[in-house]
There are 2 protein chains.
Amino acid sequence: MAEVEKVSTVMAWELTLRTVSALLKVYDRTFIDKLGIPVTWYDVLVSLSGAPDNRLRAQTLAESVAITRPGMTRLVDAIEKAGLVRREAAKEDRRGSYVVLTDKGELTLAQAHTIHLDDLETNLGRFLDAEDLSDLHRVMNKVWTGHLSLSGRRAMHIETMPAPGPQ
Amino acid sequence: MAEVEKVSTVMAWELTLRTVSALLKVYDRTFIDKLGIPVTWYDVLVSLSGAPDNRLRAQTLAESVAITRPGMTRLVDAIEKAGLVRREAAKEDRRGSYVVLTDKGELTLAQAHTIHLDDLETNLGRFLDAEDLSDLHRVMNKVWTGHLSLSGRRAMHIETMPAPGPQ
DNA sequence: TAGCATATGATGCATATGCAGATACTGCGA
DNA sequence: TCGCAGTATCTGCATATGCATCATATGCTA
């Protein structure tokens, strides 16, 4: 039983990884072809649009799209150069700055959103019924929740610590 | 239900992407910390070990780990330098060469496999029961199969091809 | 068998992004 | 107030990897 379970975990993971990687490449290619921006920009714009006043600290933004702070510095440099976001000094903390979505950024995000929804439907939703989606969400939620408990919610520090049972 | 379905596709995808990305980072970190090699090397070694005579053409290898040929050239350069694989001229086609797993490569692969299995169990299998794994595999298989048909059935053949169906 | 389209792998260049350290600022304690 | 530890961001450097292109080899066609 334990043996069979391990093998299945490997199979499920390898298939999942291969599939997700392929989809990611498709989505990135679509963004580049149709909007001239990489998918990472879309992630940033989405995060900003979901924040109060369409603005976030660079630090927070970096966490929300899972890249490092130096990486976010360069990413914002590029997106700012394209005019989709701008930096604003933080009045209450002069060390830092806010990244703010511009009008042009909002426009681009709207286009990107439409394109991405279509792409998702074509490459993912189309092949899955309601139950599949529900199952996928359920499973990933278990793993994500477990991952958060393992990684201590913020630190990238990975050690085997006694994790509370999932769910 | 149709509109709910679309929203769910986005939700399921975002959660899946976030989860898979996090796991990938964990696995890569584990390989680097415990074996001093990146997870891409492991992918290459696994592909080779599943091939006849532990050897594959660079082209085939590149397809099986989903990177480009130039990328594979450099990747093999690095792995060869570490002594885990070696290049052998192809007798029947003097343009190309084979990448062959060395004894040291086999040894490293065995260690990597053990480590990875443990890592998978800790970060994935541990949170999922048999039904979860079966569901995940079923869903990903649908998407992967659909992706292949969309992209013109590219050669992505490895020994760990998507199984005929969930058990 | 000469010629050309194609295939394989390597190389130049560009981009993305991580780590280590630099810089500027904050806030707490002596 | 002063000094120091901590924080936010940026910069230098290294690595990974994609695209365009090159040299070589193959093999089909006439």
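Look above for the structure.
I will try to describe carefully the structure that is included in this document. Just so it is clear, the model here is predicted, and its values are computed rather than measured.

**Section: the environment of E80(A)**
Step number 1: Along the chain, the position of E80(A) falls in helix α4 (residues 69-81).
Step number 2: Residues in contact with E80(A), not counting those within four places in the same chain, are V85(A), R86(A) and R87(A).

**Concerning the protein's contact with DNA strand D**
Step number 1: Close to DNA strand D lie 20 residues, the nearest being Q59(A), T73(A), R87(A), T68(B) and R95(B).
Step number 2: What you see for DNA strand D is that sugar and phosphate hold 59% of its atoms within 4 Å of the protein.
Step number 3: Here R29(A) contributes a side-chain N or O atom positioned 3.2 Å from a phosphate oxygen of DNA strand D.
Step number 4: Within the side chain of R57(A), an N or O atom sits 3.2 Å from a phosphate oxygen of DNA strand D.
Step number 5: Where the surface near DNA strand D is concerned, the elements lending two or more residues are α3 (58-64) and α4 of chain A together with α4 (69-81) of chain B.
Step number 6: The element contributing the most residues to the surface near DNA strand D is α4(A), with four residues.
Step number 7: Residue composition of the surface near DNA strand D, by class: four nonpolar, six polar and ten charged.

**Section: the packing of aromatic side chains**
Step number 1: Counted by the stated rule, this structure contains four aromatic pairs over all chains.
Step number 2: Judged by centre distance (5.1 Å) and plane angle (85°), the ring pair of W13(A) and Y27(B) falls under edge-to-face. With one member in each of two chains, W13(A) in helix α1 (residues 2-35) and Y27(B) in helix α1 (residues 2-35) form a pair that bridges those chains.
Step number 3: The ring centre of W144(B) lies 5.3 Å from the NZ or CZ of R18(A), which sits over that ring.
Step number 4: Cation over ring: R57(A) sits above Y98(A), and NZ or CZ is 5.6 Å from the ring centre.

**A few points about the pairing of strand β3 (residues 97-101) of chain A**
All names here are of chain A.
Step number 1: Within β3, four of the five residues are buried, which leaves it mostly tucked inside the rest of the structure.
Step number 2: Bridging between strand β1 (residues 55-57) and β3 involves three bridges; their strand directions are antiparallel. Note that in β3 the partner of L56 across the bridge is V99.
Step number 3: Relative to β3, strand β2 (residues 85-89) is paired through five bridges, and the arrangement is antiparallel.

**Thoughts on the interface of chain A and chain B**
Step number 1: Contact with chain A, which involves 56 residues of that partner, is made by 57 residues of chain B.
Step number 2: Carbon and sulfur atoms supply 74% of the area that chain A and chain B bury against each other, a total of about 5,600 Å² over both sides.
Step number 3: Broken down residue by residue, the surface that chain A buries against chain B is led by W13(A), L15(A) and R18(A), which jointly contribute 12%.
Step number 4: Among the salt bridges present, the one from R138(A) reaches D132(B), with a minimum N-O distance of 2.7 Å.
Step number 5: Across the contact surface, chain A and chain B share eight residue pairs in polar contact (both at pLDDT 80 or more).
Step number 6: Looking at the side of chain A that touches chain B, the elements with two or more residues in it are α1, α5 (103-123) and α6 (130-150) of chain A.
Step number 7: In terms of residue count, the dominant contributor to the side of chain A that touches chain B is α1(A) (21 residues).
Step number 8: Classifying every residue of the side of chain A that touches chain B by side-chain character gives 30 nonpolar, 13 polar and 13 charged.

What counts, and at which threshold
- Residues numbered from 1 in each chain as written.
- Chains lettered and ligands numbered in written order.
- Predicted model: local features only at pLDDT ≥ 70, side-chain atom pairs only at ≥ 80, totals over all residues.
- Heavy atoms only, no water.
- Helix = DSSP H or I, 4+ residues; strand = E, 2+ residues; numbered from the N terminus.
- Contact = heavy atoms within 4.5 Å.
- Near = heavy atom within 4 Å.
- Polar contact = N/O pair within 3.5 Å; in protein donor to acceptor, adjacent residues only side chain to side chain.
- Nonpolar A, V, L, I, M, F, W, Y, C, P; charged D, E, K, R; others polar.
- Phe/Tyr/Trp six-rings, centres within 6.5 Å; stacked < 30°, edge-to-face > 60°.
- Lys NZ or Arg CZ within 6 Å of the ring centre and 35° of its normal.
- Buried < 20%, exposed > 50% of the residue type's maximum accessible area, 1.4 Å probe, protein only.
- Pairing = 2+ DSSP bridges.
- Buried area = accessible area lost by both parts, 1.4 Å probe.
- Salt bridge = Lys/Arg side-chain N within 4 Å of Asp/Glu carboxyl O.

On their own, these measurements won't tell you what the molecule is for.
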